[in-house]
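# Per-entry structural report
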Amino acid sequence: IRTNYPKSGGEDVLKDSIISYHGEQGTSLSRDNVGITYGGQGGLQIFLSLVRGSKALGFNPCWSCILQNIAPYTETDFSFVDLYEKDGNMVFNENELEQKLKEVDVFYFNNPHNPSGKVFSREEVEKIDFLCRKNDVFLLSDEPYKDIVFDGKKHFSVADTENPDAVTSFTFSKSFAATGLRIGYVVSKNPKIIEAMSRVDYTQTA
């Protein structure tokens, strides 16, 4: 029985299971790329706490918890790019996105999207990733619904890009029907980001 304080950032046995899980889906990770959090929201809040007071951009409509809880707590100033309907699909204006990215520090990306249900295509994800890199903007990707996809669509994760300034937040609650367990994790190709997030996690929850 493990009765000691947990390891900040997560126990290796859990990290190894997550690495194996993503490896089965073709994503190559190491322990330095994974941090365990208290639910998916924990990962979002911890990252935005690291860049407290930043300007962030997201798609409108936006998940309410970000605006009502996490943004005020982390003093994040949000602006938006509209999603709009075209030929039965939700789309966005790439030129507008790029122009607004020049004015912010973080892009908050929710895929599959809550509340519209849009599943961003691989092409769209790669375009967003490219524009964030081009404009030196952190990409914070929130992907709790990655396994709840229908109509032949396929989810493509930001975790599968090589962006060193990207953080992807996952949760067990949706994929594994464990809403009360409150375990999530973050993935980044930059070990320094995971280390910094683990330090914040330790001061908040350990």
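Cut-offs and rules
Within every chain, residues take consecutive numbers counted from 1 along the sequence as written. Confidence filtering applies because this is a predicted model: local features only for residues at pLDDT of at least 70, side-chain atom pairs given and counted only at 80 or more, and all residues used for totals across whole chains, interfaces and linings. The basis for every side-chain value is the complete set of heavy atoms in the structure, and neither hydrogens nor water enter the calculation. Helix and strand assignments follow DSSP, with helices taken as H or I runs no shorter than four residues and strands as E runs no shorter than two, numbered in order from the N terminus. Residue count minus one, scaled by 1.5 Å, sets the expected span of a helix. Note on classification: 1.4 Å probe, protein chains only; a residue is buried when its accessible area is under 20% of the maximum for its type, exposed when over 50%, partly exposed between these limits. Each direction from the helix axis to a C-beta atom contributes to the arc, which is the arc of those directions. Contacts: residue pairs with any heavy atoms within 4.5 Å of one another. If DSSP finds at least two bridges between two strands, the strands pair. Here the axes come from fitting lines to C-alpha atoms, over the contacting stretch only for helices, and the angles between their N-to-C directions go from 0 to 180 degrees. The sense of a crossing depends on the near helix, which, turned anticlockwise from the far helix by less than a right angle, makes the crossing left-handed and, turned clockwise, makes it right-handed. To define a nonpolar core, start from buried Ala, Val, Leu, Ile, Met, Phe, Trp, Tyr and Cys residues and group those joined through side-chain atoms within 4.5 Å. Orientation labels follow simple angle bins: below 35 degrees gives roughly parallel, above 145 gives roughly antiparallel, 65 to 115 gives roughly perpendicular, and whatever is left gives oblique. Between rings of Phe, Tyr and Trp, where Trp is taken as its six-membered ring, a pair exists when centres lie within 6.5 Å; planes separated by under 30 degrees are stacked, by over 60 edge-to-face, and by other angles tilted.

This next bit is on helix H5 (residues 122–134). Counted at 1.5 Å a residue, the expected span for H5 with its 13 residues is 18 Å, and the 18 Å between its end C-alpha atoms agrees. Considered for burial, the residues of H5 that qualify are Glu124, Val125, Ile128, Asp129, Leu131 and Cys132. Along the long axis of H5, the arc covered by the buried residues comes to 165°, so they all point the same way. Seen from the buried face of H5, the exposed residues on the opposite side, beyond 90 degrees, are Arg122, Glu123 and Lys134. Buried residues in H5 make contact with strand S2 (55–60), strand S5 (89–91), helix H4 (94–101), strand S6 (106–110) and strand S7 (138–142). Aspartate 136 sits one or two residues past H5 and shows a positive phi near 55°.

We now examine the sheet that holds strand S8 (residues 166–171). Read from one edge to the other, the open sheet built from seven strands follows the order S1-S9-S8-S7-S6-S2-S3, with strand pairing classed as mixed. Both edges of this open sheet fall to strand S1 (34–37) and strand S3 (77–82), since each of them pairs with a single strand only. Mean inter-strand twist for the sheet, computed between neighbouring axes without regard to direction, equals 25°. Alignment of S2 against S6, held across three bridges, turns out to be parallel.

Viewed as axis vectors pointing N to C, helix H2 (residues 39–50) and helix H3 (residues 64–74) meet at an angle of 40°, and their least axial separation amounts to 9 Å. The chirality of how H2 crosses H3 is right-handed. For the pair H2 and H3, contact is made by Gln41, Leu44, Gln45, Leu48 and Ser49 and by Cys65, Ile66, Ile70, Tyr73 and Thr74, respectively.

Attention now goes to the pairing of S8. Two faces belong to every sheet, and in a regular strand the side chains alternate between them. Burial analysis of S8 places six of its six residues in the buried class, which makes it a mostly covered element. Sheet topology places S8 next to strand S9 (residues 184–187); four bridges connect them, and they run antiparallel. Following the sheet pairing, serine 169 is matched in S9 by valine 186.

What follows concerns the nonpolar core. Among the nonpolar cores identified, the biggest contains 22 residues, and Phe47, Ile66, Tyr108 and Leu140 are the most heavily contacted of them. Elements supplying a minimum of two residues to this core: H2, H3, S6 and helix H7 (191–205). In terms of nonpolar packing, the next biggest core, distinct from the first, is built from 20 residues, Val81, Phe120, Val125 and Val158 among them.

The subject of this paragraph is the packing of H4 against H5. One can describe the packing of H4 onto H5 by two numbers: an axis separation of 9 Å at closest approach and a directional angle of 30°. Taken together, the axes of H4 and H5 are roughly parallel relative to one another. Of the two elements, H4 crosses H5, and the hand of that crossing is right-handed. On H5, the residues that touch Glu94, Leu97, Glu98 and Leu101 of H4 are Lys127, Ile128, Leu131, Cys132 and Lys134.

Turning next to the packing of aromatic side chains. The final tally for this structure, using the stated rule, is 14 aromatic pairs. For the pair phenylalanine 59 and phenylalanine 92, a centre-to-centre distance of 5.0 Å together with 45° between the ring planes defines the contact as tilted. Of this pair, phenylalanine 59 sits in strand S2 while phenylalanine 92 sits in the loop between S5 and H4; the two residues are 33 residues apart in sequence, bridging distant segments of the chain. On the accessibility criterion, phenylalanine 59 (3% relative accessible area) is buried.

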